[in-house]
Amino acid sequence: MADKQYSVEINDLAVRFSTVDGVVHAINGVDLKIEKGKTLGLVGETGAGKTTTALSILRLIPNPPGEITSGSIVLEGKNVFEYSEKEMENIRGKQVSMIFQDPMTSLNPVITIGDQIAEVIQLHEKIDAKGALEKAKEMLELVGIPGTRAGEYPHQFSGGMKQRVIIAMALVCNPQLLIADEPTTALDVTIQAQVLDLMQKLREKYGTSMLMITHDLGIVAEVCDEVSIMYAGRIVEHGTLEDIFDHTSHPYTEGLFGSLPNIEKRTEALKPIPGLMPDPTNLPEGCPFHPRCKYATELCKTRMPVKTDLSDTHSVRCLAYEEGTGVTLGGEKA
Amino acid sequence: MSDILLEVKDLKKYFETPAGTLHAVDGLTFKLERGKTLGVVGESGCGKSTTGRAILRLHEPTSGEVIFEGKDITKISQKEMTKLRSEMQMIFQDPFASLNPRKTVSEIIAEPLRLHKIYKNKEEQAKRVLELMELVGLSERLVNTYPHELDGGRRQRIGIARALAMNPKFIVCDEPVSALDVSIQAQILNLLKELQRDLGLTYMFITHDLSVVNYFSDEIVVMYLGKVVEHASSVDLFAHPTHPYTKALLSAIPVPSIHGKKERILLKGEITSPINPKPGCRFAPRCEYAKECCFKDSPELREMEPGHFVACHFADQF
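About the cut-offs
- Residues numbered from 1 in each chain as written.
- Chains lettered and ligands numbered in written order.
- Predicted model: local features only at pLDDT ≥ 70, side-chain atom pairs only at ≥ 80, totals over all residues.
- Heavy atoms only, no water.
- Domains from an automatic or database assignment.
- Contact = heavy atoms within 4.5 Å.
- Buried area = accessible area lost by both parts, 1.4 Å probe.
- Salt bridge = Lys/Arg side-chain N within 4 Å of Asp/Glu carboxyl O.
- Polar contact = N/O pair within 3.5 Å; in protein donor to acceptor, adjacent residues only side chain to side chain.
- Helix = DSSP H or I, 4+ residues; strand = E, 2+ residues; numbered from the N terminus.
- Nonpolar A, V, L, I, M, F, W, Y, C, P; charged D, E, K, R; others polar.
- 1 Å grid on protein atoms, 1.4 Å probe; cavity = no way out; pocket = protein on both sides within 12 Å on 5 of 7 lines; lining within 4 Å.
- Points joined across faces, edges and corners; volume = space filled by probe spheres on them.
- Axes fitted to C-alpha atoms, helices over the stretch in contact; angles between N-to-C directions.
- Parallel < 35°, antiparallel > 145°, perpendicular 65-115°, else oblique.
- Left-handed = near helix turned anticlockwise from the far one by under 90°.
- Buried < 20%, exposed > 50% of the residue type's maximum accessible area, 1.4 Å probe, protein only.
- pLDDT = per-residue confidence, 0-100.
- Pairing = 2+ DSSP bridges.
- Expected span 1.5 Å × (residues − 1).
- Phe/Tyr/Trp six-rings, centres within 6.5 Å; stacked < 30°, edge-to-face > 60°.
- Lys NZ or Arg CZ within 6 Å of the ring centre and 35° of its normal.

1. A few points about the domain arrangement of chain B
Residue and element names in this part refer to chain B. Each domain of chain B was delimited in the assignment, giving domain 1 (4-87 + 168-317) and domain 2 (103-166). For domain 1 versus domain 2, the separation of C-alpha centres amounts to 30 Å. Listed by partner, the interface residues are 15 residues for domain 1 and eleven residues for domain 2. Summed over both partners, the interface of domain 1 with domain 2 buries about 1,100 Å², with 76% contributed by carbon and sulfur atoms. Sorting the residues of domain 1 by area buried against domain 2 places S86, P168 and L191 first, and these three jointly supply 36% of that buried surface. Here domain 1 and domain 2 share zero salt bridges between them. Remark: the boundary between domain 1 and domain 2 carries two residue pairs in polar contact (both at pLDDT 80 or more). The set of elements that each furnish at least two residues to the side of domain 1 that touches domain 2 consists of α2 (78-84) and α6 (182-199).

2. Re the interface of chain A and chain B
Reports often express the size of an interface as the amount of accessible area lost when the parts come together. Taken together, the contacts link 40 residues of chain A with 39 residues of chain B. Summed over both sides, the interface between chain A and chain B buries roughly 3,400 Å², with carbon and sulfur atoms accounting for 59% of that surface. Applying the counting rule to chain A against chain B returns one salt bridge. Counting the contacts that link chain A with chain B gives ten residue pairs in polar contact (both at pLDDT 80 or more). Of the residues in the side of chain A that touches chain B, the class split is 20 nonpolar, ten polar and ten charged.

3. Description of the layout of surface pockets
All names here are of chain A. Space inside the second largest pocket adds up to approximately 670 Å³. Every residue lining the second largest pocket is counted, 30 residues in all, and those nearest its centre are K33, E226, H238, D312 and T313. Elements represented by at least two residues in the lining of the second largest pocket include exactly β1 (6-19), β2 (22-35), β9 (226-231), β10 (234-240), β11 (307-309) and β12 (315-317). Counting residues per element, the lining of the second largest pocket draws most heavily on β2, at seven residues. In the lining of the second largest pocket, the residues fall into nine nonpolar, nine polar and twelve charged.

4. Some details on the packing of helix α3 (residues 113-124) of chain A against helix α4 (residues 129-142) of chain A
Residue and element names in this part refer to chain A. Taken N-terminus to C-terminus, the directions of α3 and α4 make an angle of 115 degrees; their axes are 8 Å apart at the nearest point. When the axes of α3 and α4 are compared, the pair comes out roughly perpendicular. When you trace α3 past α4, the crossing you get is right-handed. Contacts between α3 and α4 involve I113, G114, D115, I117, A118, I121 and Q122 on the former and, on the latter, A129, A132, L133, K135, A136 and L140. Of the residues belonging to the contact of α3 with α4, the class tally is nine nonpolar, two polar and two charged.

5. Remarks on the pattern of salt bridges
This structure, assessed with the given rule, holds 25 salt bridges over all chains. A salt bridge links E85 of chain A to R59 of chain A; the nearest nitrogen and oxygen atoms lie 3.2 Å apart. One end of the pair, E85 of chain A, is in helix α2 (residues 85-91); the other, R59 of chain A, is in the loop between α1 (50-57) and β4 (66-75), and 26 residues separate them in sequence. Residue classification places R59 of chain A among the partly exposed residues on the basis of a relative accessible area of 22%. Overlapping salt bridges, with partners in common, bring together D3, R34, E69, E87 and K169 of chain B in one network.

6. Details of the environment of R264 of chain B
Among the secondary structure elements, R264 of chain B is positioned in the loop between α9 (244-251) and β11 (302-305). When the C-alpha positions of R264 of chain B and V40 of chain B are compared, they lie 23 Å apart, and in sequence the two are 224 residues distant. Not counting chain neighbours up to four residues away, the residues in contact with R264 of chain B comprise A193 and E222 of chain A together with S251, A252, I253 and P254 of chain B. At 2.9 Å, the side chain of R264 of chain B forms a polar contact with the side chain of E222 of chain A. One polar contact links the side chain of R264 of chain B to the main-chain carbonyl oxygen of S251 of chain B, over a distance of 2.9 Å.

7. A short note on the confidence of the model for chain B
All names here are of chain B. When pLDDT is averaged along chain B, the result is 90; 98% of the residues meet or exceed 70. Ranking the helices and strands of chain B by mean pLDDT puts strand β3 (residues 37-41) first, with 95, and helix α7 (residues 210-216) last, with 87. Under the prediction, the complex receives an ipTM of 0.79, its pTM being 0.84.

8. Considerations on the sheet that holds β4 of chain A
All names here are of chain A. With respect to topology, four strands assemble into an open sheet ordered β2-β1-β4-β5, the strand pairing being antiparallel. One side of each edge strand has no neighbouring strand; the edge strands of this open sheet are β2 and β5 (78-79). Alignment of β1 against β2, held across eleven bridges, turns out to be antiparallel. Within the sheet, the bridge partner assigned to Y6 lies in β2 and is E35.

9. Details of α3 of chain A
All names here are of chain A. Across its twelve residues, α3 extends 18 Å between first and last C-alpha, which sits within 8% of the 16 Å expected from 1.5 Å per residue. Within the sequence span of α3, burial applies to I113, G114, Q116, I117, A118, V120, I121 and H124. Here the buried face of α3 lies against α2, α4 and α5 (159-171).

10. Observations regarding the packing of aromatic side chains
Applying the stated criterion across every chain, the model contains eleven aromatic pairs over all chains. For the pair Y231 of chain A and F289 of chain A, a centre-to-centre distance of 5.1 Å together with 85 degrees between the ring planes defines the contact as edge-to-face. With Y231 of chain A in strand β9 and F289 of chain A in the loop between α9 (251-259) and β11, the pair connects residues that are 58 residues apart, well separated along the chain. F289 of chain A shares its class with Y231 of chain A; the two are buried. Feature note: the residues Y203, F205, Y215 and F216 of chain B constitute an aromatic cluster, connected by ring pairs. Positioned above the aromatic ring of F314 of chain B is the side chain of K291 of chain B, whose terminal nitrogen or guanidinium carbon lies 4.6 Å from the ring centre.

What follows is the structure, encoded as structure tokens:
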């Protein structure tokens, strides 16, 4: 399938941060591809490296202390690490834009929302101030905010509306790739439903590809085409929605599903993953998940699993799927 | 005859603001049996946290009765209340903000024991602290660490140990797991359930997360802008949601499954202001079924089925 076109391709990305407490290995060899027009869900818990991956695409990792130690990120056929800082500025907001988690802190409190959206347009398009503001108003209407409110300040809007403003800002230059970093975590469920619905509609309209960062598997089931599960800076499982939800393979993914209360079967007890995320300055030997894995064997403590393809679309990093390791997920081991 | 631990009658809490009177909790009535869990759900600003605080008199209620073990605690003196608080405790949402950063884990857990002068000598107190730490699954070596050295899950365990220190009968859990990652969230939920079983605790569980409340509660109260819109057993509420708001709320939960996609009810607009609310049903401006009478008269909470209460003029038609 060589004719598939990718909006972004990340190969073997590694990022580390040098801190006073030691070197934080935030990302340790991440491969990730998003097909044009599709949505990839990046799922993991706090500290898994989801946001760092996203910031790397935009080259927004603060250096120092951050440092990209290996890998490449190919946007539209060119490695972003080869762009100059000036070229990068043109890409951010135009080719790739990002929606941040907290709508309360990602808007400038002393500039009207109309001007904030117009600023993005003026940076990337040859248009005068008046024209840009007109376009900003049109964009606001599109996300369900009356254009007449363009002269108001962020504090005059509710959380859901602020997030709509940010979506308007992110999509106004018609980017090829939209990175949404937990876009609805700060919102109430009924407002979350509105915002997700809006994002879906706009994405379909413009054919934008999306990287959806979330910890909520419910949201993934609703908006994504493919899913990557991240743990300790690595993708431990990747597949289509069906692969991940119906043929869950990695013990960590299984643990994530087991931790969620089942709304249909309320009596079923939760099966949490024991223990905590490993310390990224001191990752365990072997498979980073082994201290929390109920299937872990002696081999898991020393040997790092490699990526194993289960099918054309489904891959996993776990010794149980590698040949000749003798690790099984059947019988539980202490 | 059921064993009622807590009864709340027409509880109201208003706040005076420069813009007018804010009706945070407006006439809440329920009974809670010993050893059971009442879930309180609703979105930001619906008054669920204020309810929890008003019951413990951390906010002085504007009117209404809170009857705890047969005694109306809104009438008793501050001094008696302080004593009674040993039986009514609270676990807070934010394990980062609810612990004193300058105290060690053992000092934080011992605080209520010290305030109520339970133990005469330090050794006994220290022994109790270790007992509590074991109960909530904190390892003994953490006894002299400070909160900033610990992750969210462990901090929440400290908050739980502190709440348990005085052997309370009733605990208000205000969003105890919303700041935690899913795998840690499940650990804490299981811990709270075990503690309830072993110690016979009664919980009021405040949350915005409907799948959590369904897992955890025996009964559920759904609040909207200070009013109860629906009150039923968890099984009933999820099987037969009746109020249009409850229906929309349930349909808005993203379900982690790719089978059986359900019809999503998208609500129009956003929550209206609780300051000087207009007469009529508070949900009417966002309700697709709203008729003229909904904007005039406030619907009473009516018992539609045994134990299933709904506040909607048209509840019998849904």
